[in-house]
Amino acid sequence: MKSKKIPPFFIVGSGRCGTKLLMRMLRVHKNIEVIPETHFIPTLYRIYNASSISYKEFFSVCEDHYGEGGYSWMKMIVQDRWGDYGEFKREMAKHMSLKYGGSGTIRQHLNVFFEIISGPCKLVGDKTPHYGTVIDEINEVWPNAKYLHLMRDGVDVAKSMKGHSAFRRQITGNIKLRNLDTCLYKNRLSEYPDSEVSIVDAMSMWYGIVSKTKSLSGILDDSQYMELKYESLLLYPQSTISKVLSFLGHEVSKSRLFVSSIYPSPFHLSSKNGGGIGNEEEEVPSHVWELRQKLDYPETRNYNRAKEFARSLLYYISKILSPKKLLKNLYFKVIC
């Protein structure tokens, strides 16, 4: 295996805040791989801590975390980013045997997991939004890990949460913030009702996750933690991703920066998805509104509409054509 930058970096947030978009924008860049939603690291830490375990024990816990459709997160990740699941397990067993004699700590198992699943990429990340609520636990595994905390207007997040089954179950089940991932172990989340939730409850969940993540970031060095906004990815994709790459210690390629910048749908920029929340607005606790205002929401920034129109045109061209030399040339002629 080629030398990699382990530990991985983590993309965290409230959920429904654009972490998938950020993941896709970073994957465009050479030598960066981002794994979608592992969920199993907190459970591994709480069960095994610093104990030495076999790869079978490692997989038994990882495989037992399930999504809404009843699928194993571990199997989904491997099939999506690697291929044959059985072959992947054999590859992990071989590397664990060569490096550690077969058994090892969860950190050693996870290092091998990330090294193999990311292929030739030298920088690997993990996009599991709610890991922000357990930064202290992950910090015990990787004291030098970096965190990208992506935030979005709580009104938009809450409206999106209301339409998502997993969030409705977490809210109605009153799941503690530190258990938002461990509740997926043995499919325990499915035991809670998938009932309608209020915008007030959803905004309170947004408040809790954002506040907890910001609070736990205090144990990290400044070089380990970066806050950014979903709205900035839409309004200023290139400058925002440039800052992210610099934070991660990765070189900036102008051509790849352009390709990543066309992932956000530009026409969303002129629409105000947030707005108000109608009759329930007065029921939202004052501290929730205070955090929203402190984060400078709702967004009031202006942007260059001519430039955004040009980027919009290229975005829709990219839906038809491969965004390579043609789009690169158009970009540098029209926008730069």
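See the structure printed just above.
Attention in this report is confined to the structure presented alongside it. (Residues numbered from 1 in each chain as written. Predicted model: local features only at pLDDT ≥ 70, side-chain atom pairs only at ≥ 80, totals over all residues. Heavy atoms only, no water.)

## Remarks on the overall build of the protein chain
Here's step 1: From N to C terminus, the protein chain includes 16 helices and seven strands.
Here's step 2: Residues classed as buried in the protein chain amount to 54% of the 336 residues present.
Here's step 3: A separation threshold of at least 6 residues defines the contact pool for the protein chain, and within that pool the share at least 24 residues apart is 80%.
Here's step 4: Per element, the accessible surface of the protein chain, about 15400 Å² overall, is 48% carbon and sulfur. (Helix = DSSP H or I, 4+ residues; strand = E, 2+ residues; numbered from the N terminus. Buried < 20%, exposed > 50% of the residue type's maximum accessible area, 1.4 Å probe, protein only. Contact = heavy atoms within 4.5 Å. Areas by Shrake-Rupley, 256 points an atom, 1.4 Å probe, with all protein chains shown as cover.)

## Digging into the packing of helix 3 (residues 55–62) against helix 5 (residues 85–100)
Here's step 1: For the pair helix 3 and helix 5, the least separation of the axes is 10 Å and the interaxial angle reads 140°. Classified by the angle between their axes, helix 3 and helix 5 sit oblique to one another. Remark: the crossing between helix 3 and helix 5 carries right-handed chirality. Side by side, helix 3 and helix 5 meet where Tyr-55, Phe-58 and Phe-59 of the first sit next to Tyr-85, Phe-88, Lys-89, Met-92 and Ala-93 of the second.
Here's step 2: Of the residues belonging to the contact of helix 3 with helix 5, the class tally is seven nonpolar, no polar and one charged. (Axes fitted to C-alpha atoms, helices over the stretch in contact; angles between N-to-C directions. Parallel < 35°, antiparallel > 145°, perpendicular 65-115°, else oblique. Left-handed = near helix turned anticlockwise from the far one by under 90°. Nonpolar A, V, L, I, M, F, W, Y, C, P; charged D, E, K, R; others polar.)

## Thoughts on the sheet that holds strand 5 (residues 123–127)
Here's step 1: With respect to topology, five strands assemble into an open sheet ordered 2-5-1-6-7, the strand pairing being parallel. At either margin of the open sheet sits one strand with a lone partner, and together these are strand 2 (32–36) and strand 7 (225–229). Averaged over all pairs of adjacent strands, the angle between their axes in this sheet comes to 25°, without regard to strand direction. (Pairing = 2+ DSSP bridges.)

## Some remarks on helix 14 (residues 286–294)
Here's step 1: The set of residues buried in helix 14 consists of Val-288, Trp-289, Leu-291 and Arg-292. For helix 14, the angular spread of buried residues about the axis comes to 160°, placing them on one side. Exposed and facing more than 90 degrees away from the buried side of helix 14 are Ser-286, Gln-293 and Lys-294.
Here's step 2: For helix 14, the secondary structure elements touched by its buried residues are helix 8 (154–162) and helix 10 (199–216).
Here's step 3: After helix 14 finishes, the residue Asp-296 shows a positive phi value of roughly 65°. (Arc of directions from axis to C-beta.)

## Digging into the pairing of strand 5
In summary, the side chains of a regular strand alternate between the two faces of the sheet.
Here's step 1: Within strand 5, five of the five residues are buried, which leaves it mostly tucked inside the rest of the structure.
Here's step 2: Side chains of strand 5 alternate between two faces, with Leu-123, Gly-125 and Lys-127 and Val-124 and Asp-126 buried alike.
Here's step 3: Across four bridges, the pairing between strand 1 (residues 5–13) and strand 5 is parallel. Pairing of Ile-11 across the sheet is with Lys-127, part of strand 5.
Here's step 4: Across five bridges, the pairing between strand 2 and strand 5 is parallel. Each bridged residue has a counterpart across the sheet, and for Glu-33 the counterpart in strand 5 is Val-124.

## Overview of the pattern of salt bridges
Here's step 1: Applying the stated criterion across every chain yields a total of 16 salt bridges.
Here's step 2: Among the ionic pairs, Asp-136 bridges to Arg-178, the shortest N-O distance being 3.1 Å. On the criterion of sequence distance, the pair formed by Asp-136 in helix 7 (residues 135–141) and Arg-178 in the loop between helix 9 (165–172) and helix 10 is long-range, its members being 42 residues apart.
Here's step 3: Given the relative accessible area of 26%, Arg-178 is considered partly exposed.
Here's step 4: Residues participating in the shared-partner salt-bridge network are Arg-27, Glu-33, Asp-80 and Arg-81. (Salt bridge = Lys/Arg side-chain N within 4 Å of Asp/Glu carboxyl O.)

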